[in-house]
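Residues per chain, in single letters:
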Amino acid sequence: MWTAVSVFTASFTKLASACLLAVIFYSPVLANPDQWRRAGFSTDFSKATVSLDTIFSGGPPKDGIPSIDDPRFERARDISWLGDREPVIRLELDENVKAYPLQILIWHEIVNDRIGSVPVSVTYCPLCNSSIVFDRRLDNEVLDFGTTGLLRNSDLVMYDRQSETWWQQFTGKGIVGKYSGRDLKMIPSRVIAFGEFRKEHPDAEVLARPVPPRRNYGHNPYVGYDSRSAPYPLYQGELPDNINPMARVVVVRDDDQTFAATLEHVRNQSTVELSNRIQLRWTGEQASVLDRSETENGRAIGSVEAVRTGGSQEIPLVHDVTFAFVVHAFHPELPILGIMTP
């Protein structure tokens, strides 16, 4: 007999499958602010830093992919539902350390939380494989973020519930609304295997699965995405011609400087010097959540760290492991170290 929880979970799984089919077979339509207003947005569409025609529906409605706004946590040592190879976003701030499993974020994409004294949003866009943490403070106000159900360059478009400004997840820039042109502060984080995190921080807090379960956690709704030769058709931009569009690329941000290197290049070199003070280092393996049906069984991909060296200590830098087509879309002129030319 089905329980109320299993019926609830099954209904959301069907919704996710329907949304994924919408992504695969979607035909984009022109931007329509009136339609977006009818969908519940009070965004000021007269202010925008990008063409509205570059923003498309990804299938779900506003908040159809629900952010986690009241997260609960478990100690790393007590968790049995997360495999050692599964990736988690490791966040350290104010001498506090937390982990956020991608098997949860693949279904929710945003966690509004606080670590130490800092309000943060921990975000993950599955279609770009981009894991980025933001400081939620702006102009002495704490923002709460949700999902618009919209995409630009196949990347999550977030909105804040205070002004309903739309924000590009990959860049942290306000693109439509009151805060157009503004930047959210990114906070350094790393994606590592849970087994490594638990070994180093057995008593640290790890984001727990919501109760009752709201999604089919531990399962990947984008089975085979890693094996594609191109992103889903929702991506309407140009593809790079000198690298597999789905190859993983590490993007490192240091103030106004941006660097990129293929993940395979970092694997082969162990340490990559991006400048005389900035290094990328290979730190081990983890499972891809975008490969097999069960997230713990995904193929092995790498873990890296980015640091600024010099002085008495190393400083961790904001970095992200994304796909080559994403780098090409947002940074078309950025050279990518490690591209093998014919």
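Participant: So what's going on with the sheet that holds strand β11 (residues 155-160)? Which residues, and what values?
Facilitator: Either a parallel or an antiparallel arrangement is found when strands of a sheet pair, and the pairing is made through backbone hydrogen bonds. As summarised here, the arrangement of the 5 strands in space is β1-β10-β11-β12-β13, forming an open sheet in which the pairing is antiparallel. Either end of the sheet is taken by a strand with one partner, and the two such strands are β1 (55-57) and β13 (173-176). Direction aside, the axes of adjacent strands within the sheet are offset by 50 degrees on average. By the bridge criterion, 6 bridges tie strand β10 (residues 145-152) to β11 in an arrangement that is antiparallel. Looking at β11, one finds that Thr147 is bridged to Met158.

Participant: Talk me through the packing of aromatic side chains; I want residue IDs and the actual numbers.
Facilitator: Summed over the entire model, instances satisfying the criterion amount to 13 aromatic pairs. On the basis of an interplanar angle of 85 degrees and a centroid distance of 6.1 Å, the ring pair of Phe73 and Tyr100 is categorised as edge-to-face. With Phe73 in strand β2 (residues 73-75) and Tyr100 in strand β4 (residues 96-101), this pair connects stretches of sequence that are 27 residues apart. A ring pair is formed by Trp167 and Tyr179, whose centres lie 6.1 Å apart and whose planes are at 35 degrees; its orientation type is tilted. In this pair, Trp167 is assigned in strand β12 (residues 166-168) and Tyr179 in the loop between β13 and β14 (186-187), connecting sequence segments 12 residues apart. Residue class for Trp167 comes out buried when judged on its relative accessible area of 0%. Since its relative accessible area comes to 5%, Tyr179 is described here as buried. The ring of Phe41 has Lys62 lying over it, and the distance from NZ or CZ to the ring centre is 4.9 Å.

Participant: Let's hear about the sheet that holds strand β6 (residues 118-125): which residues, and what values?
Facilitator: Reading across from one edge, β5-β6-β7-β14 is the order of the 4 strands in this open sheet, with antiparallel pairing throughout. Each of the sheet's edge strands pairs with one partner strand only, and the pair in question is β5 (110-115) and β14. Where β6 and strand β7 (residues 130-135) come together, 6 bridges link them in antiparallel fashion. Bridge assignment links Tyr124 to a residue of β7, and that residue is Ser131.

Participant: Give me the environment of Val157: which residues, what numbers.
Facilitator: Position of Val157 among the secondary structure elements: in strand β11. Between the C-alpha atom of Val157 and that of Ile175, which follows or precedes it by 18 residues, the distance is 9.0 Å.

Participant: A description of unusual backbone geometry should follow, citing residues and the corresponding values.
Facilitator: Of note, the amide linkage connecting Val211 to Pro212 takes the cis form, showing an omega dihedral of 0 degrees. Inspection of the secondary structure puts Pro212 in the loop between β16 (205-207) and β17 (248-254). Of note, Asn153 is a non-glycine position whose phi angle comes to about 55 degrees, a positive value. Looking at the element boundaries, Asn153 is found in the loop between β10 and β11. Relative accessible area serves as the criterion here: at 19%, Asn153 is assigned to the buried category. Located in the positive-phi region is Asp255, a residue other than glycine, with phi close to 55 degrees. As for its position among the elements, Asp255 is in the loop between β17 and β18 (257-262). Looking at Asp255, the relative accessible area reads 75%, which means it is exposed.

Rules used in this analysis
- Residues numbered from 1 in each chain as written.
- Predicted model: local features only at pLDDT ≥ 70, side-chain atom pairs only at ≥ 80, totals over all residues.
- Heavy atoms only, no water.
- Pairing = 2+ DSSP bridges.
- Helix = DSSP H or I, 4+ residues; strand = E, 2+ residues; numbered from the N terminus.
- Axes fitted to C-alpha atoms, helices over the stretch in contact; angles between N-to-C directions.
- Phe/Tyr/Trp six-rings, centres within 6.5 Å; stacked < 30°, edge-to-face > 60°.
- Buried < 20%, exposed > 50% of the residue type's maximum accessible area, 1.4 Å probe, protein only.
- Lys NZ or Arg CZ within 6 Å of the ring centre and 35° of its normal.

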